Amino acid sequence: MTGLAQAQVMMATFPQPSTMLPPCRILPPPLLLLLLGPAMPCSPQPNATRFVCTEPTLSTFPSGLPTTTLAISVEFTALATLLPTALAGLPHLQELHLSSNLLSTLPEALLHPVPTLRVLDLTDNVLADLPASTFTSTIHLQHLVLRGNRLRALQPAWFRHLPQLQWLDLAANALTEVPPEVFSPLCSLRSLDLSHNHLASLAPGALAGLRALERLNLEGNGLGTLPPTAFAPVPALRFLFLQDNELRALPSNIFMPLRHLCVLDLARNQLQTLELPPRFPGPVLDLDISGNPWACECRLLSLLRRTAPQLVTSRDTLCASPESLRGWEVAIASQSETTGCEPKGDEKQQLDP
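Caption draft 1: Geometry of the side chain of E219. Among the secondary structure elements, E219 is positioned in the loop between β8 (215-217) and β9 (239-241). It is R268 that comes nearest to the buried, bridge-free E219 among opposite-charge side chains, at 5.3 Å. A polar contact is formed between the side chain of E219 and the side chain of Q243, at a distance of 3.2 Å. Ignoring anything within four residues of it in the chain, the contact list for E219 reads S195, H196, F241, Q243, D244 and N245.

Caption draft 2: Structural view of the pattern of salt bridges. Going through the model one piece at a time under the given rule, you end up with five salt bridges. Its salt-bridge partner being R147, residue D169 comes within 2.9 Å of it at the nearest N-O pair. In this pair, D169 is assigned in strand β6 (residues 167-169) and R147 in the loop between β5 (143-145) and β6, connecting sequence segments 22 residues apart. For R147, a relative accessible area of 28% corresponds to the partly exposed category. For E275, the salt bridge is made with R299, and the minimal N-O distance between the two is 3.0 Å. Of the two residues, E275 is situated in the loop between β10 (263-265) and β11 (286-288) and R299 in helix α4 (residues 298-307); the sequence distance between them amounts to 24 residues. A residue is classified by how much of its surface remains accessible, and E275, at 11% relative accessible area, is buried. Through salt bridges with shared partners, a single network forms among R147, D169 and D193.

Caption draft 3: Examining the state of the cysteines more closely. Following the criterion strictly, the structure yields three disulfides and no others. Across a sulfur-sulfur distance of 2.1 Å, C42 and C53 are joined as a disulfide pair. Taking the torsion about the S-S bond as the criterion, the C42 to C53 disulfide, at about 70 degrees, is right-handed. You can see C42 sitting in the loop between α3 (29-36) and β1 (50-53) and its partner C53 sitting in strand β1, a full 11 residues away along the chain. What makes C42 partly exposed here is its relative accessible area of 24%. With a relative accessible area of 1%, C53 lands in the buried category. Two residues, C296 and C319, share a disulfide whose sulfurs are 2.0 Å apart. Since a negative S-S torsion denotes a left-handed disulfide, the C296-C319 link at about -90 degrees is left-handed. With C296 in the loop between β12 (294-295) and α4 and C319 in strand β14 (residues 319-321), this pair connects stretches of sequence that are 23 residues apart.

Caption draft 4: Expanded view of the sheet that holds β1. Strands sit in the order β1-β2-β3-β4-β5-β6-β7-β8-β9-β10-β11-β13 across an open sheet of 12 strands; the sheet is parallel. Both edges of this open sheet fall to β1 and β13 (310-311), since each of them pairs with a single strand only. Sheet topology note: the strand β4 (residues 119-121)/β5 ladder contains three bridges and is parallel. Note that in β5 the partner of L120 across the bridge is L144.

Caption draft 5: Highlighting the pairing of β1. Side chains F51 and C53 project from β1 onto a buried face, and the interleaved R50 and V52 project onto a face without burial. Bridge count for β1 against strand β2 (residues 71-74) is four bridges, and the pairing is parallel. Note that in β2 the partner of C53 across the bridge is V74.

Caption draft 6: Main features of the nonpolar core. F183 and F231 are the most contacted members of the largest nonpolar core, which has 87 residues in total. When contributions to this core are tallied by element, the ones reaching two or more residues are β1, β2, α4 and α5 (330-335). At four residues, α4 tops the list of elements feeding residues into this core. Contact partners of F231, with chain neighbours within four places excluded, come to L207, L216, L226, L240, L242, I254, F255, P257 and L258.

Reading the values: the criteria
- Residues numbered from 1 in each chain as written.
- Predicted model: local features only at pLDDT ≥ 70, side-chain atom pairs only at ≥ 80, totals over all residues.
- Heavy atoms only, no water.
- Helix = DSSP H or I, 4+ residues; strand = E, 2+ residues; numbered from the N terminus.
- Buried < 20%, exposed > 50% of the residue type's maximum accessible area, 1.4 Å probe, protein only.
- Lys, Arg positive; Asp, Glu negative; His and termini not counted.
- Salt bridge = Lys/Arg side-chain N within 4 Å of Asp/Glu carboxyl O.
- Polar contact = N/O pair within 3.5 Å; in protein donor to acceptor, adjacent residues only side chain to side chain.
- Contact = heavy atoms within 4.5 Å.
- Disulfide = S-S within 2.5 Å.
- Pairing = 2+ DSSP bridges.
- Core = buried A, V, L, I, M, F, W, Y, C linked by side-chain atoms within 4.5 Å.

Printed below as a string of structure tokens:
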């Protein structure tokens, strides 16, 4: 038998590929995936200390995280709800980052299983309120970020059990007031951000108890007035941001308690006259007073000469009056010998090297 004939016999002996298996036995790839079950995005790894998930389709908080987990980051997902037991079995958790999700509420007992929590970030969700006892078990919390939500009011109960909190960010919410003494339990707080809310005024006592506070941001609130004793409770303040408000005048000596202030931003208000903290030995005050309609009269010009702050964006810090100085840079006017406000006597001696 020739080689060709032998090959033909062998081919006839074995079935052709099309007849080897019935069509119903061949599983197309999509059906195979369905039988195996949908792939779980961001599956936890055994014995890991950190869990990170930024899967946009994730709508359920991952379960089965190892007890060794120290930090969780579930951000930029479709997560809208959390079960009260979501953090159960994670006794060593120190950081929880849940920013840029769709959370509209938190279960009252969510944080109870994680008493060692140090950092909680809930930036850019849709939270309009929080249960009163949310933070009763997190006495070691140091950083709390609630920026970019829809909070309309502050509850004193939120802050009663946070003696170690150092950083509180409440920016870009819908707050219309700061109740007196609402922050008074926060004896360790060093940074408070209330910028871009709707605070038309600041109540006396709003900052009561914050004696360790070093940084306060009230930018972009539409503030029209400040009480004369607004900053008396915060003598350690070093950075104060009041730009982009509607302030037309500052109470006399409002900054007198702030002996350590090194940055003061009053830009883009409606101020014509200025108050400054007393000058003490130490770093020069960085001062931004641009974008205000300054009345460049002798009192203002003498004050700037006497305190000698470092003016930021001086080219945008212009005189609106009197007419003879309209459009002048305030810094130049304060040093000019043609304004009729030249330093005299003791003031001149302080300015001379």
